[in-house]
Structures are given as C-alpha cells and as structure tokens.
Amino acid sequence: MIGLRTVMLVQMILVSSVGTGLPQLGSDVRVVDLRCEYMSNPLGVDVTQPRLSWKLESRWRGQKQTAYQVLVADSEGMLKDDRGNLWDSGKVASDQSIHVVYAGRPLTSRTRCYWKVRVWDIDDKTGPFSEIGTWDMGLLLPQDWNAQWVSVPGTDEDKGPQPAPLFRKSFLLAKPPVSARVYICGLGYHELRLNGEKVGDHVLDPAFTRYDRRALYVVHDVTSLLKKGSNALGVILGNGWYNMHTRAVWDFDKAPWRDRPVLRCQLEMTFDDASTRTVASDATWRVSTGPIIFDSIRNGETYDARLEKAGWDAAEFNDINWPLAEADSGPTGELRAQMMPPIKVTQTLKPAKLTESKPGVWVFDIGQNMAGWARLKVSGPAGTQVIMRYGERLHADGTLDQQDIGQHIKAGKPQTDTYILKGQGTEVWEPQFVYHGFQYVEVTGLPGKASLDMLEARVVHTAFDKAGSFECSNDLFNRIQRNTLWSYVSNFHGYPTDCPHREKNGWTGDAHLAAETGLYNFDSAAAYAKWIGDLRDEQRDSGELPGIVPTSGWGYAWGNGPAWDSAYVLIPWYLYQYSGDTRVLTERYDRHKRYVDYLTSKAEHGIVSIGLGDWVPAKSKTPEKVTSTGYYYRDALIVSKTAAMLGKTEDARKYGDLALEIRDAFNREFFNRETGLYAGGTQTAMSCALTHGLVPPAERARVFGNLVAMIEKNDGFLDAGILGTKYLIDCLTAGGRADVVYAMATKTTYPSWGRWLEEGATTLWEQWDGNASRNHIMFGHISAWFYQVLGGIVPDPEAVGFKHFSIKPQLLGDVTLAKAEHKSMYGPIRSNWEIRGDQFILKIAVPVNTTATVYVPSDKQKTITEGPDYIHAGDHTKFLRIEDEYVVFEVESGTYEFISQLPAREAK
Ligand code: BGC
C-alpha cells in the first residue's frame, strides 16, 4: 500500500520554491480554505490570540499532516518572500490543523495580518505554501476610537417613535487612499452609505446584544468607494432592539439600555505615501430625517417616499441647512467586533399565488413560510398608502390571520409595513430596519388591481455558509429535512430565536435543542460562540440565567430553569464535539461552574424542581423536576470534564462526585425498581434517564426494553414535547433501536412531522397539533439524526471536531439510498450509499488528516470489495471486526467505494 503511494509520488515531480528554489520531490498535500476564528479573511478580529485553521487536500489516500509551519507578516510582500515578521512558527511537529493559537508578536489594533501555511505530510515531505489569507485586527482599546457617539439633538422624550435619522459627513481627498476601513456601530440598526452607494451587502447590522454590556461594531473595506475630490459618508439609523418604543409582554421597552438611536463611525484611510487620515463621527456631522417615519422591530416600518432626500448620501449634496449632530454618551457596554456572519438577503422568492380575499384586499401567497420582508413594485398617485400585513395563516375566508402572532403585542400593529407613494413612475421599495415571519402578505390600498409581479419575498437571516447536505430515497424525510432548514434559518438573526414573528426571542431551550442540527447543516459555530457571549452578559452573579437571551430583564422569574439555561453549557459542549473548539468551553468554565452551583443552591436532596419542563407534549405530561434534574446532572458532568481538560483535578472530582449524588437522588426519587419505570413511565421520563446516562448500569437493558415496549404499545408514536423528542431520538439510536425512531419519523398522523407535511407545512411547527406558531425550530433535532443514522456520520467524542469519526449507515425501513455530506473543520466528509439488489454500495470521503471507522453492512468480510480489490488487499483500510451485521474497518483519509453483499434479510 505504502509502495503504491510512493510510486505515485515519485511520478509526480513538483516544482517547489521552498529553500533552494531547485526542483524537488514535494508533497501533493495542498493547504486550502484558511480560516481565522472560523471566518475567511475576516476584517475586525478583536481576540489577541486568534485561532487559525486550514484544510488539506490530497489526491492520495492515507495522507495526514505531521508538521506545519505558519508564517504571519504585516505586509504581503514580506510574506511572499516567505518571511513572517509577526510570527514564524518554524516547523512544528504536530498534526493540529484546526484552532492553532497564534503565538507571534503581540497583535495591535488595525494590523492587517497576511498569513500562509505549509505542512509536512506522512513522509515528512512538504509542498508549497498555501495561498495567502488575511485577517485585520479590529480596534482593541477604547482609545482607538477617535469617533464620538453622536445622535440627533433632542431630549429623552424623543425615545418615542421618531423618523429614522440620517447622518452625513462630506470631506475632500487630495487623492484616493490605498486602503480604507470603516469601523461602525450604529444602534439599533444602521445602514452605511458612501458616495451614494450602500456599503457591503449586510442588512440589520449589528447583531443584537445586551447593549449595556456589549455592542458590536462592523468593519468594511471601502477602499474602492473613495475618490479624489469630494466624498460623503451617510448613515441611516433604525431603532431595532436598542430603542424598542412599542410595547409587548417581554418589556423590551423598559430595557435598561434603551435610548435614542446612536452612531459611532470611523473611516480610516492610508495613502500611498503611508500618511493616514481619519474621518470620525462628531458634532460636525450633519443630521436630518428622511422617508422612514416609523420603525419598530415587532411592528413594522412606514416609509413616506415623498420625504426622500434625493442624493442625500452623495458627495455633491448641499447639507448646509441640516442641523449638527450632538455628542452622545452612547451605550454603556464595551464595543466588540462582530465576529460572526452578518445578516443578509439570501434569496428572493416569487409569490406562488395571488387572491383577492375581499374587494381591494390582495393576498400574496409566497408558497413558503419564511423570515424576511416583501419588496413592493408599484405605481400610482403621490400620497397613496399601501399597507402590507404579514402572517403565516389565513382565515377560512382567505383573509390574513394574525391572531397568534399578534397576541403579545401591546401597542401598534404586528408585522405591518406601510409604503406611501411619491407618485413618480414605478416605485420599488423594501423595508430596512425590520423583518417578519410570514408566508402570506396582505396588501391593501393599491391604486389598482394587484398582479403577481408586484411583490417578491426577500429571505433574510444570518448568512451562514452551508456545512451539510442530506437526501435519501424516502421523500418524506427529504421534505422534513427541507422544512427543518427553513425553520433553522428563519430563526437566526444574529442570535437564535424561537419564531420569527410572534416573539423573535432568544429562547435558550429552543436553541440548544436545535444546535446539533445547526452544526451539521451550517457553518454556525462563530454565531453560537457570539450568542454564548450574550448568555455570559446575562448571567447574574448568583449564577442565574434568563429564559430569553438577550433580554431586557424579563425571563428570570419565568421561562427559565435547567432545561432551558443548559444551553449555556451544552452549546459550548457541542462546539467542542463538532468543531473541536475548546476555547468556548474553557473560557466560560468559571461561569458554567457558577451555574451548576446555583442549581445546587436550589436543589433539595439532589432534586431540582425549578424551571419549565417538557414543553408542548403530545399527550402525557412529565413532572418538571424529572427533566430539570436530568439537565442538572448533565451540566455537572460537563463541568467535571472541562475541569479535567483544564487540569483542575480537584474540581473534576468535586463535580464528578456531585453528578454521582444527583444520579443517586434521581433514581431514589423517580425510579421504581419493581416496574423498571421512571416517574410513572412517560416516554419523556424514561428517555430522559437513558439519554443523560442516569440509569444504573444493571437496570439499563430493562429500562430500555420498557421504553421500547411502551412506544410499541403507543403504535410506534412518540408521546413527548420538545425535550422528550430529542431524548427519544438520541437514546433509542444509542441503544441500537434507530428503527423505532424511523417508525416515529415516518408517521403521517398526530403526533408527527409527517402530519404537519400532510397539512401543507413548509417549515417546522411549534406544536404537534398545529396550534400556535408555524415556524419553530425546537423539534428540529431530527435533521441531526438524518446525518447521524442514515448518513451515519458521527463525531468521535475522544477525537473531537471530526479528527476521527465513524461512518455507520443504518439500513432502515424503505430507505435504499442516502447521500450525506458534512463540511467539517478538516474538510468534507461524505457518506453516499445505495442498495442495488443484494449489494450495498458505500462511497465515502474522509478528509486528509482524519481517520474514520467505517461500518459496512454485511456479515461476510470476504465478499466485500473496495475499489477494484477484495478488501483484504485494500489500500489504507484495516479490518477491525465483525459487529452485529457490520464489517468494521478503520480507514485513513481518501475516497473509497465499498461494495458488500447484504445479509439476506436486508437485501431488497
Ligand atoms: C416560545 C417557546 C419557548 C417557550 C418557553 C414560547 O412562547 O415560543 O419556543 O421555548 O415559550 O416557555
């Protein structure tokens, strides 16, 4: 095997410029996709020791990194000469290719870092350096900001509904700069414009945070937008969550941070002679108002096009009559860089249907439940008011039903945008500072008849890159997967939410229940890391957490408890498992400990009774103390494991012992030794005990058997709410009965995902019976199951981040084909399989620098082929064992095609 590779390498003479510049035999391993703190070429990194990751590619199997060298320089030229004046790691003997901590000269604000990597392969050969990647350091110190916070002159009373302010600053340049960056934080939301153009393609910047603890600034490269002569910066501010001036039950109008919109904006330019110049917000900026006369995130936006100030953001505009801005104290929170993907418009959908529900009341059906807004194209007389109401349900008579989504709004109308025409030909408009959850847009006030081409739906959410794909021969599963993805993105706008319409709240429980699905499908780690920072900002000294994050203060008295709050511990744990991120876990260690200590202070004899329980169950209810104590145990265990990782042996033991005490208490309180049932035997109680590992080992088989019997007695239906559904999926699969999950997931009557589809769902719903919201993500863990069980791609808890993983496709029901891909931090992992006659064909991809344990369904090792060979002659595959009905191999990196004979009962 080694021979084969060596022969091929000899044939492949690579010209390497390294060292002597003479042609050398080099490695074919290519270093690609450089990432700094998860992001590709980020601007505005404000951690002083950023973590660097790269992926490796090779045409050959069995490749891995044995050493690396990272070069970081502050000029591209220097790096091109292979000199790293900021950091030259030298040759480091290590297989670490993700989260390598920068260890060079201390990084200072604004430094543009150019970096590249080369690696040594399994034969200790090195290839060319990677392409050059970059990251820009942000503004690390408060004194780096020369810009002042500014606002429109006014008083505190002006916190009520006010037109969205426009800010403007013109300036002359003797020549264009060679490099220019804008650092901007405009709260609640801002849109930055330069010389008449919108800068970048972000919308709803910056992401929501608890502004009195932390506000985020965004960095743009604006070099190409500046010109010799006169230039102008323009900024429009929306209220967002910073100035929630309308009322709803969650009290954001009483938020301690609430204030009128404020702006801090700093344009820094460097010229060809190395001179620099800064244009920074201060009281010399001009302010005015424009056409946005109302904006409130839960209500909507009103735009009077007659008030547009044509050219206000262009250099030539005369602003002499505009008042001056006023210096403002700004939010009290620290300014940090927005180190996560921004919110963007990711798709534009054409409506599927248009009806006139009553004379002059037009209802556009987008055909897809979603988050975003409508773009309207209309013409008519000036002053005509077109009103767009958004919702996800219709009344029987075809009119819009906003009953559920509007129930908590205490002032103004829910999800309603108004456009007032200027009366000049065709007018195209879309809102800027709100988003809505909807499938239907009801339009009234049109000057004439509506037509389908008047309106488009703009899909808006945190613009993650996709990190996975899944499809299989079962169409129902494909549709569930599709709906899950829609609900997932509908519920991420800088922080994870429960629903995009009724609440837009960062319910912590919903977030952790969907986090594994999020990590399989999307490049979501950076966004989760940001939100875990938001939880830190909300954690009280007592250790307590609120049920929604960010919050104005609502959610400590109701809506929290371990089943929700554990997002704080569980999501970092998932980031560790799926992305190999130890920092997010260890950085918060003391706070996680404090949370567990808080639960201990609430526990009575090891049982925690506070908090919400299994929410929206199908029929059986489970006492909250069962699920709350289950999460208490899980959190204590994670704290103990993190302590061990940090070398804190004392703590590791202490929290390990605490976990054991909780387990004993749990069994004392809830386990009936005679019946083998927990808490009277609901599916949730049983699966809670099994999933968390609370069942005494000697009882595990009996409890598991009882759970399966219970489900069978319920005709294979799940009977659980959001917590129990995830437990069931996880514990049945771990116990070797994924077929029971398959049976639940293929149901098409109550309660099931299939039943929602039968009713026309295009997203996941809040409740099994279809009541309430129709765009919730909390039942979305089923998508993670598709990857884990049908694709069979499972991370190894002992070699995190998919450094090692297994590929174990399970043959279930009528599924004869599945294609799963997950783009891990090491590169794409693929598991594509198909049953053809009595043959099982499995094509897999294992990234360079990783290894996998592959389970090939078959009970006869000798009949398995891989590529052209029988497996015993295979290349880079090692037979391990026969286990159940699988032949198990250990494989090195590369692509493989296994063909096996299926055991008689599996063949189709
Ligand atoms: C939200 C849920 C949330 C729950 C907690 C609901 O109103 O929509 O998703 O987890 O409250 O009680």
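Rules used in this analysis
- Residues numbered from 1 in each chain as written.
- Predicted model: local features only at pLDDT ≥ 70, side-chain atom pairs only at ≥ 80, totals over all residues.
- Heavy atoms only, no water.
- Near = heavy atom within 4 Å.
- Polar contact = N/O pair within 3.5 Å; in protein donor to acceptor, adjacent residues only side chain to side chain.
- Areas by Shrake-Rupley, 256 points an atom, 1.4 Å probe, with all protein chains shown as cover.
- Nonpolar A, V, L, I, M, F, W, Y, C, P; charged D, E, K, R; others polar.
- Buried < 20%, exposed > 50% of the residue type's maximum accessible area, 1.4 Å probe, protein only.
- Helix = DSSP H or I, 4+ residues; strand = E, 2+ residues; numbered from the N terminus.
- Contact = heavy atoms within 4.5 Å.
- Salt bridge = Lys/Arg side-chain N within 4 Å of Asp/Glu carboxyl O.
- Core = buried A, V, L, I, M, F, W, Y, C linked by side-chain atoms within 4.5 Å.
- Pairing = 2+ DSSP bridges.
- Axes fitted to C-alpha atoms, helices over the stretch in contact; angles between N-to-C directions.
- Parallel < 35°, antiparallel > 145°, perpendicular 65-115°, else oblique.
- Left-handed = near helix turned anticlockwise from the far one by under 90°.
- pLDDT = per-residue confidence, 0-100.

## Let's talk about the site of the ligand
Part 1 of the argument: Around the ligand sit Asp498, Arg502, Glu503, Trp507, Asp510, Trp558, Trp564, Leu612, Trp615, Glu766, His776 and Met778, and that is every residue in its neighbourhood.
Part 2 of the argument: The separation between an oxygen atom of the ligand and a polar side-chain atom of aspartate 498 is 2.7 Å.
Part 3 of the argument: Between the ligand and tryptophan 564, the relevant distance is 3.0 Å, taken from an oxygen atom to a side-chain nitrogen or oxygen of the residue.
Part 4 of the argument: Out of a free accessible area of 310 Å², the ligand has 94% covered by protein chains.
Part 5 of the argument: Of the residues assigned to the shell around the ligand, the class counts are six nonpolar, one polar and five charged.

## Some remarks on helix H13 (residues 683–692)
Part 1 of the argument: Buried residues dominate H13, accounting for nine of its ten residues.
Part 2 of the argument: Three or more residues of H13 are buried, namely Gln683, Thr684, Ala685, Met686, Ser687, Cys688, Ala689, Leu690 and His692.
Part 3 of the argument: Packed against the buried residues of H13 are helix H11 (624–645), helix H12 (649–670), strand S36 (677–678), helix H14 (700–713), helix H15 (722–734) and helix H16 (738–745).

## Considering the pattern of salt bridges
Part 1 of the argument: In the structure shown here, the tally under the stated rule is 63 salt bridges.
Part 2 of the argument: One network of salt bridges, in which partners are shared, links Arg214, Lys530, Asp534, Arg536 and Asp537.

## Comments concerning the nonpolar core
Note on soluble globular proteins: their nonpolar side chains tend to be buried together.
Part 1 of the argument: Of all hydrophobic cores here, the largest spans 243 residues; its most connected members are Trp54, Trp135, Trp753 and Trp785.
Part 2 of the argument: Among the elements that line this core, the one with the most residues is helix H8 (residues 567–579), at ten residues.
Part 3 of the argument: Apart from residues no more than four positions distant in its own chain, tryptophan 753 is found in contact with Ile480, Leu718, Thr725, Ile729, Met744, Ala745, Leu764, Trp768, Phe779 and Ile782.
Part 4 of the argument: Counting residues in hydrophobic clusters, the runner-up holds 25 residues, among them Leu173, Ala180, Leu192 and Cys265.

## Concerning the sheet that holds strand S16 (residues 229–238)
Part 1 of the argument: The antiparallel open sheet is built from five strands, whose spatial order is S14-S13-S16-S11-S19. Strands with a single pairing partner mark the edges of an open sheet, and in this sheet they are strand S14 (197–198) and strand S19 (286–289).

## A word on the pairing of strand S46 (residues 886–891)
Part 1 of the argument: Burial of S46 is extensive: five of the six residues sit out of reach of the surface.
Part 2 of the argument: Pairing of strand S42 (residues 851–857) with S46 involves six bridges; the strand directions are antiparallel. By the bridge assignment for S46, valine 854 is matched with phenylalanine 889.
Part 3 of the argument: The pairing of strand S45 (residues 877–883) with S46 spans six bridges and is classified as antiparallel. The residue of S46 that forms the bridge with isoleucine 882 is valine 887.
Part 4 of the argument: Hairpin connection between S45 and S46: a loop of two residues separates the two successive antiparallel strands, and aspartate 884 in this loop has a positive phi of roughly 50°.

## Focus on the packing of H11 against H12
Part 1 of the argument: Where H11 meets H12, the closest approach of the two axes is 7 Å, and the angle between their N-to-C directions is 160°. As the angle between them shows, H11 and H12 are arranged roughly antiparallel. Seen along the crossing, H11 lies across H12 with a hand that is left-handed. Of the residues in H12, those touching H11 at Lys625, Val626, Thr629, Gly630, Tyr632, Tyr633, Ala636, Leu637, Val639, Ser640, Ala643 and Ala644 are Asp651, Ala652, Tyr655, Gly656, Leu658, Ala659, Ile662, Arg663, Phe666, Glu669 and Phe670.
Part 2 of the argument: Class assignment of the residues belonging to the contact of H11 with H12 gives a composition of 15 nonpolar, four polar and four charged.

## A short note on the confidence of the model for the protein
Part 1 of the argument: Confidence in the prediction for the protein averages 95 pLDDT; 96% of positions are at 70 or higher.
Part 2 of the argument: A low-confidence stretch, residues 1–24 (pLDDT under 50), is modelled with 35 contacts involving residues beyond four sequence positions or located in other chains.

## So, the side chain of threonine 762
Part 1 of the argument: Take threonine 762: it is sitting in the loop between helix H17 (753–758) and helix H18 (782–791).
Part 2 of the argument: By relative accessible area, which is 12% here, threonine 762 ends up buried.
Part 3 of the argument: In terms of polar contacts, threonine 762 uses its side chain to reach the backbone amide nitrogen of asparagine 369, at 2.9 Å.
Part 4 of the argument: Leave out the neighbours within four places in its chain, and threonine 762 touches Gly367, Gln368, Asn369, Gln439, Arg482, Asn483 and Trp486.

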